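Structure assessment
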Amino acid sequence: MPEYPNRQFLDFEQPIKDLYEQIDATKKLAEKNPKIDLSATIKQLEQTIVDKRKAITESLSPWQRVQLSRHPDRPYTLKYVHLMFDKFVELHGDRNVKDDKAMVGGFAELNGQTVMVIGQQKGSNTKARQLRNFGMANPEGYRKALRLMKLAEKFNKPVICLIDTPGAFPGLEAEERGQGEAIARNIYEMVRLQVPIIVCIIGEGASGGALGIGVGDKTLMMENTWYTVISPESCSSILWRSWDKKEVAAEQLKLTSLDMKGFGLIDEIVPEPYGGAHWDYVAAAASLKKKITEALGEVKDIAPSTRVENRIEKYSKMGFWEEA
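Now for a quick tour of the structure. (Residues numbered from 1 in each chain as written. Predicted model: local features only at pLDDT ≥ 70, side-chain atom pairs only at ≥ 80, totals over all residues. Heavy atoms only, no water.)

1. A word on the packing of helix α6 (residues 139–154) against helix α8 (residues 179–192)
Axis separation between α6 and α8 bottoms out at 8 Å; the angle between their running directions is 20°. Between α6 and α8, the angle falls in the class roughly parallel. Where α6 crosses over α8, the handedness of that crossing is left-handed. Only Q179, E181, A182, I183, R185, N186, E189, M190 and R192 of α8 make contact with α6, whose side of the interface consists of P139, Y142, R143, A145, L146, M149, K150 and E153. By residue class, the composition of the contact of α6 with α8 is eight nonpolar, two polar and seven charged. (Axes fitted to C-alpha atoms, helices over the stretch in contact; angles between N-to-C directions. Helix = DSSP H or I, 4+ residues; strand = E, 2+ residues; numbered from the N terminus. Parallel < 35°, antiparallel > 145°, perpendicular 65-115°, else oblique. Left-handed = near helix turned anticlockwise from the far one by under 90°. Contact = heavy atoms within 4.5 Å. Nonpolar A, V, L, I, M, F, W, Y, C, P; charged D, E, K, R; others polar.)

In structure tokens, the structure reads:
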């Protein structure tokens, strides 16, 4: 976890930054005056930071949760993989075009059990973001994911998918190589996959980019994430011809974990440390690991044919409407 002053703060986290600056000033004063004991003052300020993080968590708007899901210090897929799993062996390539760096996956051990873990990976700096294409996979990324799922099915190993993407890559070359078909194929094949599938949204869950690895027996969603057909900015630009209404769009889209749980589109909300997962990577990973383990335990002993039937029934029931 990045330490202050390298930590980055969002606008509504400014009061926390101010408290860190007070701690720095107090520590400098203590260094200049060794005879003055300011440890109690520093301890009090540190507790105030925890209290402020808790207060912020309890009053977050949908748009602020969107901002937290994109926080530059937030842990990404590979960070969770390294904290939750053992013996991770990354597998590369779709055996057709190339290896898409925006999609990562491979075999790993979860509590001694071999699983296939797959997820979108963003970058932690400018160079890494360009390499990972900002977490936006091309068709070969989704085809790589499907290849790994089929490999897991061959060896009867559960699949765990971690979603964190602003959407599938919308470039011309991606469309030429069949972006829509690749995502649709993944949805079709994931419904029919014989092994357990646990899905978790760990950051952004946007549109088909998320759905391409988003079909499962259990769907989890971390507390400060979002899951919807379009980003608030894009929705605002379509409806109001401007990004200025993105906060309103975030509210109206009903994209938070609480909204998704209320709609029955996800099964469980994964709690995060006060203020967001970026404040404590280890605690966030422990919370996610616990929920994934519980979800896997609920579905692992179901017969494959029954599992597929349950999946079809689950997704067929989603959605509701009113007739005027």
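Moving on from the coordinates now.
2. Details of the side chain of D99
Mapping D99 onto the fold places it in the loop between β1 (86–90) and β2 (103–110). Separated by 3.0 Å, the side chains of D99 and H92 make a polar contact. There is a polar contact of 2.9 Å between the side chain of D99 and the backbone nitrogen of G93. In this structure D99 touches H92, G93 and K144, once residues within four positions along its chain are discounted. (Polar contact = N/O pair within 3.5 Å; in protein donor to acceptor, adjacent residues only side chain to side chain.)

3. Some remarks on a nonpolar patch on the surface
Taken together, the side chains of I238, L239, W240 and V248 define a hydrophobic patch exposed on the protein surface, amounting to about 390 Å² of accessible area. Ranked by residues supplied to the nonpolar patch, first place goes to helix α10 (residues 232–240) with three residues. Within the secondary structure, L239 sits in helix α10. (Patch = residues over 30% accessible without salt bridge, like charges linked within 9 Å, V, L, I, M, F, W, Y side chains within 5 Å. Areas by Shrake-Rupley, 256 points an atom, 1.4 Å probe, with all protein chains shown as cover. Salt bridge = Lys/Arg side-chain N within 4 Å of Asp/Glu carboxyl O.)

4. Here we look at α6
Structurally, the α-helix is built with 3.6 residues per turn, so residues lying three or four positions apart point the same way. With 16 residues, α6 ought to run about 22 Å at 1.5 Å a step, and its terminal C-alpha atoms sit 23 Å apart, in line with that. Among all positions in α6, only P139, E140, G141, Y142, K144, A145, L146, L148, M149 and A152 are buried. If you follow the buried residues of α6, they end up packed against β2, β3 (113–120), β4 (159–165), α7 (172–176), α8 and α9 (207–211). Looking one or two places after α6, you find N156, whose phi comes out positive at around 55°. (Expected span 1.5 Å × (residues − 1). Buried < 20%, exposed > 50% of the residue type's maximum accessible area, 1.4 Å probe, protein only.)

5. Some remarks on the nonpolar core
Ranked by internal contacts, the top residues of the largest apolar core, which has 31 residues, are I118, M149, V159 and C161. Put simply, the parts of the chain that give this core at least two residues each are β3, α6, β4, α8 and β5 (197–206). If we skip the residues at most four places from it in the chain, C161 touches I118, M149, M190, I198, V199, C200 and I213. If you look at the next biggest cluster of nonpolar residues, it comprises 24 residues, including A108, M222, L288 and V299. (Core = buried A, V, L, I, M, F, W, Y, C linked by side-chain atoms within 4.5 Å.)

6. Remarks on the packing of α10 against helix α11 (residues 246–253)
At a minimum axis separation of 8 Å, α10 and α11 run at an interaxial angle of 105°. In terms of orientation, α10 lies roughly perpendicular with respect to α11. For the pair α10 and α11, the contacting residues are P232, E233, C235, S236 and W240 in the first and K246, V248, A249, A250 and L253 in the second. Tallied by class, the residues present in the contact of α10 with α11 amount to seven nonpolar, one polar and two charged.

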